[in-house]
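Next come the chains, spelled out residue by residue.
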Amino acid sequence: MRSMYRNEPFGSENTRLRLPDIGKITKKIEDIGSRWPALGHLYSTFLYTDVVDREVELAGLKPGSSILHIGCGSLPFTALALAEKGYAVTGVDNDPASIAAARRFTEYQGAGGAITFIEDDGASVDPSRYDAIWVSLNVAPKEEVLKNLLAGMREGGAIIYRNPRKKKFTDLYEQILPETFGEEYHHRRIPTDRVKEAVCMRRAPFPEEIPEGSCHISLEDLGTDRPARIRHIPDYSLIPPLGLRPGKEVIIHCRHPMGGPIVLSVEGRRVALAREFARRIFVTEAEVTEGWISRKAVAGRA
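Model, not experiment: these values are computed from the prediction.

S.K.: Honestly, the nonpolar core in this entry has me stumped. Any pointers?
M.R.: Grouped burial of nonpolar side chains is what soluble globular proteins tend to show. Judged by nonpolar contacts, the single largest core of 30 residues is most densely connected at Ile67, Leu82, Val89, Trp134 and Ile160. Contributing elements (two or more residues each) for this core: helix 2 (37-59), helix 3 (77-84), helix 4 (96-108), strand 5 (115-119), strand 6 (132-135), strand 7 (158-164) and strand 9 (196-202). Tallying contributions element by element places helix 3 first for this core, with 6 residues. Excluding its chain neighbours within four sequence positions, the residues that come into contact with Trp134 are Glu55, Val56, Ala59, Leu61, Ile67, Leu68, His69, Ile70, Thr78, Leu82, Ile160 and Arg162. Counting 20 residues, the second-largest nonpolar core is a separate cluster that includes Val92, Val125, Leu146 and Ile176.

What follows is the structure in structure tokens.
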């Protein structure tokens, strides 16, 4: 029988106490809960109902969204809670016994047809058909899984994954900071209980980050030689040093082929901007004849 304890010690050099592999312990608890559905329902309701409610609010899902849940386990209460809210849910686990147990549990709960279960690995599964992807706390290797999901998720999609909330829990659970994946992704984090936090990541801005008004477009969509004024920039440390700030006047001169950078002027100063940044900057178009585009911006065309 495999040990439920990790090999690495923690604490001082003289401390030989070994950490429990919390993933294996959780799996055993969930296996018991799936065999005793009443106990499993009580366990899941106590631990997950409020958590899932907060995560759904964080993700800002539209009604009927399709969801992929990585690491659903044998007691798929997260998938059940999402299905009860009207979402089309697919549960994924790389353990065939857990998939079989999950199907039995959902049938007992009267939701046998509400969730699709597939045996697959989060590090290789195709996420492109889903509006949102949930990643359980005990999924491992979590960073590899998240890299696969971020690379393949559809435009406008979101990833919601669970992290240990405080540093003292990082000895038990793997913590992956959203900043690990670079500034091209928007993210938010909220606490969901005493142990966990939820992280939501997406390529596009969150809805409330987009300025109100139909006249706003992304800088990436601005036409060449069309003057505009910046209305919103994302909170990326690389953007302000380029002179891109709300209220600044800009003109695009050209776009490099093959998805290369956009060359533009910011009040006369020429800069090259990566397209993943340009699509997150919002501007208001203006005609030069309006008079509020300065001579500096127009001079930048030369």
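S.K.: Mind showing me how you'd approach the layout of surface pockets here?
M.R.: Any empty space left between the atoms is revealed when a probe the size of a water molecule rolls over them. Size it by volume and the second largest pocket reaches roughly 250 Å³. Taken together, 11 residues make up the lining of the second largest pocket; nearest its centre are Tyr185, His186, His187, Asp235 and Tyr236. Split into classes, the residues belonging to the lining of the second largest pocket amount to 3 nonpolar, 4 polar and 4 charged.

S.K.: What am I meant to see in the sheet that holds strand 13 (residues 262-266) here?
M.R.: As summarised here, the arrangement of the 6 strands in space is 10-15-11-12-13-14, forming an open sheet in which the pairing is antiparallel. Pairing within the sheet leaves two strands with one partner each, and these edge strands are strand 10 (216-218) and strand 14 (269-273). Recorded for the sheet is a direction-independent mean angle of 45 degrees between the axes of neighbouring strands. As paired strands, strand 10 and strand 15 (residues 282-285) are joined by 3 bridges and run antiparallel to one another. Along strand 15, the bridge assignment pairs His216 with Thr284.

S.K.: Help me understand the pairing of strand 12 (residues 249-255) in this model?
M.R.: On a regular strand, one side chain projects to one face of the sheet and the next to the other, so that they alternate. Buried residues dominate strand 12, accounting for 5 of its 7 residues. As defined by bridge partners, strand 12 adjoins strand 13 across 5 bridges and the pair is classed as antiparallel. Across the sheet, Ile252 pairs through a bridge with Leu264, a residue of strand 13.

Parameters at a glance
Residues numbered from 1 in each chain as written. Predicted model: local features only at pLDDT ≥ 70, side-chain atom pairs only at ≥ 80, totals over all residues. Heavy atoms only, no water. Core = buried A, V, L, I, M, F, W, Y, C linked by side-chain atoms within 4.5 Å. Buried < 20%, exposed > 50% of the residue type's maximum accessible area, 1.4 Å probe, protein only. Helix = DSSP H or I, 4+ residues; strand = E, 2+ residues; numbered from the N terminus. Contact = heavy atoms within 4.5 Å. 1 Å grid on protein atoms, 1.4 Å probe; cavity = no way out; pocket = protein on both sides within 12 Å on 5 of 7 lines; lining within 4 Å. Points joined across faces, edges and corners; volume = space filled by probe spheres on them. Nonpolar A, V, L, I, M, F, W, Y, C, P; charged D, E, K, R; others polar. Pairing = 2+ DSSP bridges. Axes fitted to C-alpha atoms, helices over the stretch in contact; angles between N-to-C directions.

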